[in-house]
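Structural overview
Residue-level listing of the chains:
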Amino acid sequence: MRVFLTGGSGFIGSAIIPELLQAGHQVLALARSDAAAAKLQSAGADVLRGSLDDLDSLKRGAAESDGVIHCAFIHDFSDFHASIQTDRVAIETLGAALEGTNRPFIITSGTLGLARSSGSGSGSEEITEKDVGDPNSPLSARNVTEDYVVGLAAKGVRSAVIRLPPSVHGKGDHGFIPALIDVARKQGVSAYIGDGTNRWPSAHRLDVARLYRLVLELGKAGARYHGVSGHLTPVREIAEVIGRQLGVSVVSKTQAEAPGHFGFLGLVLGIDNPVSSKHTQEELGWKPSQAPLLLDIAENYF
């Protein structure tokens, strides 16, 4: 299969490329710069120059491929609404180009915006693939995009959503964990919010890359999948690992103190997110096997 990939030079996308190539697929990857193009070519991908707001390049990539994986996202939390809007327009453009083809189209979403749905059968603890987004979440805008992609299944697209946890970890990570480490260095303490018992799911980037391939090959139209390893880590334990590695105190901050201490992280660090990937693992035969989050932080983040 020839796969059009956005975000191929990023942390997750750069792991997806070798995963696809080793399985016998070809990759056409979007590149917005010379540096990104060189990185993609060295990884064995063909390159299509363009960007998320260059809609003609997205249409061309979809037309020239047998399936699409959309991983790119503008991580500008100073204007998150604009990032969401750019993502939405890009996804709608790709989706429209794939209507009636029955080709796979996989987009990336997150678990932090989820609510426990009383009708999901998930009980009071687990958040499952059937649970829906919380309209009161600061991340709720991505829920609308999820619904659009699921709806493409009725228009002849084998569409699917992969929800990723707040920490997809591994060497080269530049997401939430490095941001927490940076805050601890600057503030001189490693902090959590409240009692720190709220739980975060996680997954290693290599396990996540394998999930994208499995959804591409086996995923059902209109399905949502969870790319979480099964380890639920209390945020206080993350702070404790960071504190030990930096040699600083570990302290609690109130929710009122959180924005001043953590910046944008204060909006999400206190969320309890006990997400399950049981259905995903059973349906696709996906078995995460890489190092768990706390071990990976201690060994590879300092």
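Below or above, wherever it landed, is the structure these notes cover. Being a predicted model, the structure only gives us computed values, none of them experimental.

Analysis parameters
Residues numbered from 1 in each chain as written. Predicted model: local features only at pLDDT ≥ 70, side-chain atom pairs only at ≥ 80, totals over all residues. Heavy atoms only, no water. Core = buried A, V, L, I, M, F, W, Y, C linked by side-chain atoms within 4.5 Å. Buried < 20%, exposed > 50% of the residue type's maximum accessible area, 1.4 Å probe, protein only. Helix = DSSP H or I, 4+ residues; strand = E, 2+ residues; numbered from the N terminus. Contact = heavy atoms within 4.5 Å. Axes fitted to C-alpha atoms, helices over the stretch in contact; angles between N-to-C directions. Parallel < 35°, antiparallel > 145°, perpendicular 65-115°, else oblique. Left-handed = near helix turned anticlockwise from the far one by under 90°. Nonpolar A, V, L, I, M, F, W, Y, C, P; charged D, E, K, R; others polar. Arc of directions from axis to C-beta.

Overview of the nonpolar core
What tends to happen in soluble globular proteins is that the nonpolar side chains get buried as a cluster. Residues Ile12, Ile16, Ile69, Tyr212 and Val215 are the most contacted members of the largest nonpolar core, which totals 34 residues. Elements that contribute at least two residues to this core include exactly β1 (2-6), α1 (13-22), β2 (26-31), α2 (34-42), β6 (158-164), α7 (205-218) and β10 (223-226). Top contributing element to this core by residue count: α7, with seven residues. Discounting residues that sit within four places of it in the chain, Ile16 has contacts with Leu5, Ile69, Cys71, Ala209 and Tyr212. Among the nonpolar cores identified, the runner-up in size contains 25 residues, and Ile181, Ala184, Val235 and Leu265 belong to it.

Re unusual backbone geometry
For Asn102, which is not glycine, the phi torsion reads 60° and is therefore positive. In this structure, Asn102 sits in the loop between α4 (80-98) and β5 (104-110). Exposure remark for Asn102: the relative accessible area of 57% places this residue in the exposed category.

Remarks on the environment of Leu265
Inspection of the secondary structure assignment puts Leu265 in the loop between α9 (258-262) and α10 (278-284). Through-space distance from the C-alpha of Leu265 to that of Ala223 is 29 Å; in sequence the pair is 42 residues apart. Excluding its chain neighbours within four sequence positions, the residues that come into contact with Leu265 are Phe176, Ala179 and Leu180.

What to know about the pairing of strand β8 (residues 189-193)
On a regular strand, one side chain projects to one face of the sheet and the next to the other, so that they alternate. Along β8, five of the five residues are buried, which leaves the element largely enclosed by surrounding structure. Of the two faces of β8, the one holding Val189, Ala191 and Ile193 and the one holding Ser190 and Tyr192 are both buried throughout.

Considering the packing of helix α6 (residues 176-187) against helix α8 (residues 235-246)
Where α6 contacts α8, the two axes come as close as 10 Å, and the packing angle between them is 55°. With respect to their mutual orientation, α6 and α8 come out oblique. When you trace α6 past α8, the crossing you get is right-handed. Within the contact between the two elements, α6 uses Ile177, Leu180, Ile181, Ala184 and Arg185 and α8 uses Ile238, Ile242 and Leu246. Here the residues of the contact of α6 with α8 sort into seven nonpolar, no polar and one charged.

So, helix α3 (residues 55-63)
Within α3, the full set of buried residues consists of Ser57, Leu58, Gly61 and Ala62. Projection of α3 onto a plane perpendicular to its axis shows the buried side chains occupying an angular sector of 135°, all on one side. Across from the buried face of α3, at angles greater than 90 degrees, the exposed residues are Asp56 and Ala63.

Points about the packing of α8 against helix α11 (residues 293-300)
Packing of α8 against α11 brings their axes to within 10 Å, and their N-to-C directions diverge by 15°. Relative to α11, α8 is oriented roughly parallel. The crossing of α8 and α11 is right-handed. Across the interface between the two elements, Glu237, Ile238, Val241 and Gln245 from α8 touch Leu293, Leu294, Ile297 and Ala298 from α11. In the contact of α8 with α11, the residues fall into six nonpolar, one polar and one charged.

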